[in-house]
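Spelled out from the first residue to the last, the chains are:
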Amino acid sequence: MNNKIKEALGILQEECAEVIVEVSKCNRFGIDSLHYKTGLTHNTMLEMEVGDVLALIDVLIEQGVLDQHKLEIAKQNKIEKLKVWSNIFKTL
């Protein structure tokens, strides 16, 4: 593994941790509550952190570590599992 890939993976790891923190804050304080440092809503902060993850995914695709087509397949597989095992897609 070259240094660029190693660095990108390390940054992706950090960004995923930041998403976890922001999801926790959304659950704890409310998605529309204000972040104590930035004054932005936790929803906005979550969007920013997820955007950072998406940027690193793009970097890893460009570096040939991830394959866009395989990611789309994995995404669709996850959606199908959620339809079966979660309430996210169920109608009232």
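Our structure's up above, just so we're on the same page.
Conventions we followed
Residues numbered from 1 in each chain as written. Predicted model: local features only at pLDDT ≥ 70, side-chain atom pairs only at ≥ 80, totals over all residues. Heavy atoms only, no water. Patch = residues over 30% accessible without salt bridge, like charges linked within 9 Å, V, L, I, M, F, W, Y side chains within 5 Å. Areas by Shrake-Rupley, 256 points an atom, 1.4 Å probe, with all protein chains shown as cover. Salt bridge = Lys/Arg side-chain N within 4 Å of Asp/Glu carboxyl O. Buried < 20%, exposed > 50% of the residue type's maximum accessible area, 1.4 Å probe, protein only. Core = buried A, V, L, I, M, F, W, Y, C linked by side-chain atoms within 4.5 Å. Helix = DSSP H or I, 4+ residues; strand = E, 2+ residues; numbered from the N terminus. Contact = heavy atoms within 4.5 Å. Expected span 1.5 Å × (residues − 1). Arc of directions from axis to C-beta.

1. A look at a nonpolar patch on the surface
Residues Met-1, Leu-9 and Val-65 make up a contiguous nonpolar surface patch of about 290 Å² in total accessible area. The partly exposed category is assigned to Leu-9, whose relative accessible area is 33%.

2. Points about the nonpolar core
Listed in full, the 8 residues of the largest apolar core are Ala-8, Leu-12, Val-19, Cys-26, Leu-46, Val-53, Leu-56 and Leu-60. Broken down by secondary-structure element, the contributors of at least two residues to this core are helix H1 (3-29) and helix H2 (42-62). Apart from residues lying up to four places away in sequence, Ala-8 is in contact with Leu-56, Val-59, Leu-60 and Gln-63.

3. Details of H2
Along its 21 residues, H2 runs 30 Å from first to last C-alpha, staying within 8% of the 30 Å computed at 1.5 Å per residue. Listed in full, the buried residues belonging to H2 are His-42, Met-45, Leu-46, Glu-49, Val-53, Leu-56 and Leu-60. Mapping the buried residues of H2 onto a view down its axis gives an arc of 105°, with all of them on the same face. In this structure, H2 carries Glu-47 and Glu-62 as exposed residues pointing more than 90 degrees from its buried face. In this structure, the buried side of H2 is in contact with H1. At the C-terminal side of H2, Gly-64 shows a positive phi close to 80°.

Everything listed here is a matter of geometry and, on its own, says nothing about what the molecule does.
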